[in-house]
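A structural walkthrough
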Amino acid sequence: MKHPIISPLWIWAARDLMRHPYEALLLVLSLTSLIAIMGAALLLVEAVSHEATDLLKAGPSLVVRRISGGGWVPLPKRESLQLAKSVPGVVHARTRLWGTVLGPEGPVTLFGVDQLEGDLLLAHQLSRRPAAGEAVIGHGVLSQLNQTVITLTGQETLNFKIIQILEPHTSVATHDIVLLDATDAGKLLGVPDGFASDLAIEVFHEEEEQAIVPDLAAAFPWPVRITTRREAIGSYSAGWARLGGMTGFILLPALTALALIVAGTIRDRLGRRYEVGLLKALGWTSTDLIRLQMYRAILLAMAAAACGMLSACLLVFWPGSPWAGFFLSGWQTHPAALHINASGAFWVLVQISAIIILPFLTATLWPALKGVAADPQDLLQGHER
Amino acid sequence: MKDNVIDRGLECRGVTLIHEGAGSHAQTVLQNVSARFHAGCIALITGVTGAGKSSLLHILAGLLRPSSGTVYAAGQPVSRWISAYRDLWRRKVGMLFQNPHFLYDLTALENIMLPLAPRGFDGATVRKRALTLLDQLELSQLAGRNVATLSGGQKQRLSMARALMGEPLFLLADEPTAHQDERGCRVMLQLLQAAGENEATVVIAAHDARCIQANIADDRWLLANGQLKRIE
């Protein structure tokens, strides 16, 4: 007889699933839901952390803030720039005016726009700079994007005419920002003219970031806090790891559901003694039986993984899909547009495999190993019709 | 008797089977049974209901391990082999159960294709062979039917078709004619005879008079009180 390329056991495994189609469908749906929920959580954390890390990598080498006993205080623009540029190794320095104020639907990050010169990220997105009384807002600042005026509250409360809403696909960084004319921004943030929030410094080489810190600190006549890019990335990564941990806690019910699926699978497989006995009596080897069970489980797991990961990707990356952000990060307005990256998605798939698919396959394998060791007649006993 | 093919037959030596009952109620089903069933011959084992005929066939088929003693197939002590080797050996055996066992949510055709399913043969070829056997057993019309809907006689003939699927070297039939009408009985006996003519070792356990009187057996045995005796 001819031998086919694909093992006929795959076909029998598929046929075996069709023997109990509703049971198989329910199992796939349960696994799909689990993978979708867990995948969405992991993908969201991974995507946001990836975007944030990319932004920080594209950001300044060092950030200098003037501090006093009560926290940070504005620093004088001209003097700060002169002092920073006097330190050997500093290639470029610029002041920034930014902070957090209250928008109509929660806190927003405010930038004085004339401080954004050279910032390619935003330079490509602005149709024009906002003049006095005008604002450019991120996609997530307002839930009703047809509004023409925005009210912001900082040191005082002011209204601004919205001249542009930044596209959602641009970057997660622009999601909740408001760009104002520098003078307007200063009023809201309580920063007087001629002063800035901080100083962004570029050094020639990444390795110099840490080395230059003592010289830079000594150059200023007032106390400063200097954050290197590496420290900023580390701090954000720790933050995302914490969020990931909290997400895991939220997913406890999902893991409980997984435990139930695993227990049900073990019970179901152990209950199929008659079937195992019959197939052994017909000349199926223990290996054949284990392969059949595993192929069956793999077909289920593959279908569930494909549907689950697709759903998770849609929940996180589909434009305008707010679910994952709303449930997991509390995004109330329009969600930030996130971008899928292959390595991140692959890593999430590996985690999903370890957390969900592997226990499911083990739940199939263990009873199969247990069943095939018995003599066929012992397995068939008591099942005559 | 065809002595030239003796070595490929089945043999049991000193086979004893004790069923452990509840408490100390152990029941000896077979006691020190020794017999040789030659390849190319048909052996008929008779005995009253409950004599242990089915248990002996199950032991010969490798479905059950004897409490003591050994079963030899083609000179090899198969009942002493480890499970994995006995699994492989079982592929050479066709077993016709007294109470047919099936996967009741599969069709008749699918059920008889089962023995060849894991052996890597081309599906179309397996299907063709299965349909030929169904035709021989006058079951062609029932190929697509769910087994649960078949009558006792049809199930038994289906069980025969399945036993023959793998072209077995050893064919063990437990009450093959019990649920058959005259026509069905004739078909079953013809197939058993044909298997013997094809050099298979055929062992039939029966107490159905039609089977006993059909005179197809080369050897006759009587199983009574756990002892197997050859009838000369």
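Please refer to the structure placed before this passage.
Numbers given to residues run from 1 along each chain, matching the order in which its sequence is written. Chains and ligands are labelled sequentially in the order written, the chains with letters from A and the ligands with numbers from 1. At least 70 in pLDDT is required for a residue's local features to be given in this predicted model, at least 80 for side-chain atom pairs to be given and counted, and no such filter applies to totals for whole chains, interfaces and linings, which use all residues. For the side-chain quantities, the full set of heavy atoms in the structure was used; hydrogens and water were omitted.

1. Side note on the overall build of chain B
Applied cut-off: Starting at the N terminus, helices and strands are each numbered in turn, a helix being any DSSP run of H or I of at least four residues and a strand any DSSP run of E of at least two. Computation of the radius of gyration draws on C-alpha atoms alone. For the globule rule, the value is 2.2 Å times the number of residues to the power 0.38. Working rule for contacts: check all heavy atoms of both residues, and any pair within 4.5 Å makes them a contact.
Tallying secondary structure elements over chain B gives 7 helices and 9 strands in all. Expected size for 232 residues packed as a compact globule is a radius of gyration near 17 Å; at 17 Å, chain B falls within 12% of this value. Summarising its shape, the C-alpha atoms of chain B cover approximately 45 × 45 × 40 Å along the three principal directions. Sequence-distant contacts, at least 24 apart, represent 71% of the contacts inside chain B between residues at least 6 apart.

2. Describing the sheet that holds strand E4 (residues 68-73) of chain B
The strands that make up a sheet pair up through hydrogen bonds in the backbone, lying either parallel or antiparallel. Residues and elements named next belong to chain B. As a reminder, the rule being used: Paired strands are those between which DSSP finds at least two bridges. Note on definitions: angles span 0 to 180 degrees between N-to-C directions of axes, and those axes are lines fitted to C-alpha atoms, for helices only across the stretch in contact.
In spatial order, the strands read E2-E1-E4; together these 3 strands make up an open sheet with antiparallel pairing. Taken across any chain shown, the strands that pair with only one partner, and hence form the sheet edges, are strand E2 (27-37) and E4. On average, each strand axis in the sheet is inclined to that of its neighbour by 20°, with strand direction left out of account. Relative to E4, strand E1 (residues 10-19) runs antiparallel, the two being bridged by 5 bridges. By the bridge assignment, Thr16 is partnered in E4 with Ser68. On top of the sheet, helix H1 (residues 53-61) reaches E1, E2 and E4; it is set at about 125° to E1, its chief contact.

3. Looking at the pairing of E1 of chain B
Residues and elements named next belong to chain B. What counts here: Exposure categories follow from relative accessible area, calculated using a 1.4 Å probe and restricted to protein chains: below 20% of the type maximum is buried, above 50% is exposed, and the middle band is partly exposed.
Among the 10 residues that make up E1, 7 are buried, leaving the element largely enclosed by the rest of the structure. Relative to E2, E1 runs antiparallel, the two sharing 7 bridges. Bridge assignment links Val15 to a residue of E2, and that residue is Val33.

4. Quick word on unusual backbone geometry
All names here are of chain B. Phi angles above zero are rare outside glycine, and Asn32 is one such case at about 50°. Mapped onto the elements, Asn32 comes out in strand E2. Residue Asn32 is classed as exposed on the basis of its relative accessible area, which comes to 54%.

5. Observations regarding the side chain of Asp184 of chain A
Residue and element names in this part refer to chain A. This is how the line gets drawn: For this count, His and the chain ends are skipped, Lys and Arg are scored as positive, and Asp and Glu as negative. Only one rule defines a salt bridge in this text: a Lys or Arg side-chain nitrogen within 4 Å of an Asp or Glu carboxyl oxygen.
By the secondary structure assignment, Asp184 is in helix H5 (residues 182-189). Although Asp184 lies buried, it forms no salt bridge, and the closest oppositely charged side chain, Lys187, sits 4.2 Å away as judged by the N-O distance. Not counting residues up to four positions away in its chain, the partners in contact with Asp184 are Ala131, Ala132, Gly133, Glu134 and Phe160.

6. Section: the pattern of salt bridges
By the definition in use, this model includes 19 salt bridges over all chains. Its salt-bridge partner being Arg96 of chain A, residue Asp198 of chain A comes within 3.0 Å of it at the nearest N-O pair. One end of the pair, Asp198 of chain A, is in strand E12 (residues 198-203); the other, Arg96 of chain A, is in strand E4 (residues 90-96), and 102 residues separate them in sequence. Neither residue differs from the other here; Asp198 of chain A and Arg96 of chain A are each classed as buried. For Arg36 of chain B, the salt bridge is made with Glu11 of chain B, and the minimal N-O distance between the two is 3.7 Å. On the criterion of sequence distance, the pair formed by Arg36 of chain B in strand E2 and Glu11 of chain B in strand E1 is long-range, its members being 25 residues apart. Since its relative accessible area comes to 16%, Glu11 of chain B is described here as buried. Through salt bridges with shared partners, one network takes in Asp16, Arg19, Glu275 and Arg296 of chain A together with Asp105 of chain B.

7. Quick word on a nonpolar patch on the surface
All names here are of chain A. Where we set the bar: The residues that make up patches have over 30% relative accessible area and no salt bridge, and they are joined within 9 Å when like-charged or within 5 Å when they are Val, Leu, Ile, Met, Phe, Trp or Tyr. Residue-level accessible areas treat just the shown protein chains as cover; the underlying method is Shrake-Rupley with a 1.4 Å probe.
On the surface, a nonpolar cluster with roughly 300 Å² of combined accessible area is contributed by Leu25, Leu26 and Leu29. Secondary-structure assignment places Leu26 in helix H2 (residues 21-58). Residue classification places Leu26 among the exposed positions, given a relative accessible area of 56%.

8. Comments concerning the sheet that holds strand E8 (residues 219-224) of chain B
Residues and elements named next belong to chain B. Pairing is mixed in the open sheet, where 6 strands are placed in the order E5-E6-E7-E3-E8-E9. Taken across any chain shown, the strands that pair with only one partner, and hence form the sheet edges, are strand E5 (93-96) and strand E9 (227-231). Neighbour-to-neighbour, the strand axes of this sheet turn through a mean angle of 20°, independent of strand direction. Across 5 bridges, the pairing between strand E6 (residues 170-174) and strand E7 (residues 201-205) is parallel. Within E7, the position partnered with Asp174 by the bridge is Ala205. Helix-sheet contacts for H1 involve strand E3 (42-46), E5, E6, E7, E8 and E9, and the interaxial angle to E6 is about 160°.

9. Details of the nonpolar core
For clarity, the threshold we go by: To form a nonpolar core, buried Ala, Val, Leu, Ile, Met, Phe, Trp, Tyr and Cys residues must be joined to one another through side-chain atoms within 4.5 Å.
Within the largest apolar cluster, 134 residues are counted, with the highest numbers of intra-cluster contacts made by Phe37, Leu60 and Ile204 of chain B. With 15 residues, helix H11 (residues 286-317) of chain A is the single largest residue contributor to this core. Contacts of Ile204 of chain B, omitting those with residues within four sequence positions, involve Ile42, Ala43, Leu44, Ile45, Ala173, Pro176, Leu192, Cys211 and Ile216 of chain B. Formed by 20 residues, the second largest nonpolar core is a distinct cluster that contains Val141, Leu158, Phe160 and Ala185 of chain A.

10. Overview of the side chain of Asp198 of chain A
All names here are of chain A. Short version of the rule: Definition of a polar contact: a pair of N or O atoms within 3.5 Å, with one able to donate and the other able to accept a hydrogen when the atoms are protein atoms, and with sequence-neighbouring residues admitted only if both atoms are side-chain atoms.
With relative accessibility at 0%, the residue Asp198 sits in the buried group. A distance of 2.8 Å separates a polar atom in the side chain of Asp198 from a polar atom in the side chain of Trp98. Not counting chain neighbours up to four residues away, the residues in contact with Asp198 comprise Val63, Val64, Arg65, Leu75, Arg94, Thr95, Arg96 and Trp98.

11. Some thoughts on the interface of chain A and chain B
Definition in use: What counts as buried area is the accessible surface, traced by a 1.4 Å probe, that two parts surrender upon association, with contributions from both included.
Contact with chain A, which involves 31 residues of that partner, is made by 34 residues of chain B. Overall, the association of chain A and chain B removes approximately 3,200 Å² of surface from exposure, summing both partners, and the carbon and sulfur fraction of that is 60%. For the pair chain A and chain B, the interface holds 6 salt bridges. Residue assignment for the side of chain A that touches chain B shows that the elements contributing at least two residues are helix H1 (8-19), helix H10 (273-281), H11 and helix H14 (376-380) of chain A. Sorting elements by how many residues they give to the side of chain A that touches chain B places H10 of chain A first, with 6 residues.

12. Topic: helix H2 (residues 83-90) of chain B
To keep things clear, this is the line we draw: Working definition: the arc comes from the directions between the helix axis and the C-beta atoms, pointing outward to the latter.
Of all the residues in H2 of chain B, the buried ones are Arg86, Asp87, Trp89 and Arg90 of chain B. End-on view of H2 of chain B: buried residues confined to an arc of 165°, all on one side of the axis.

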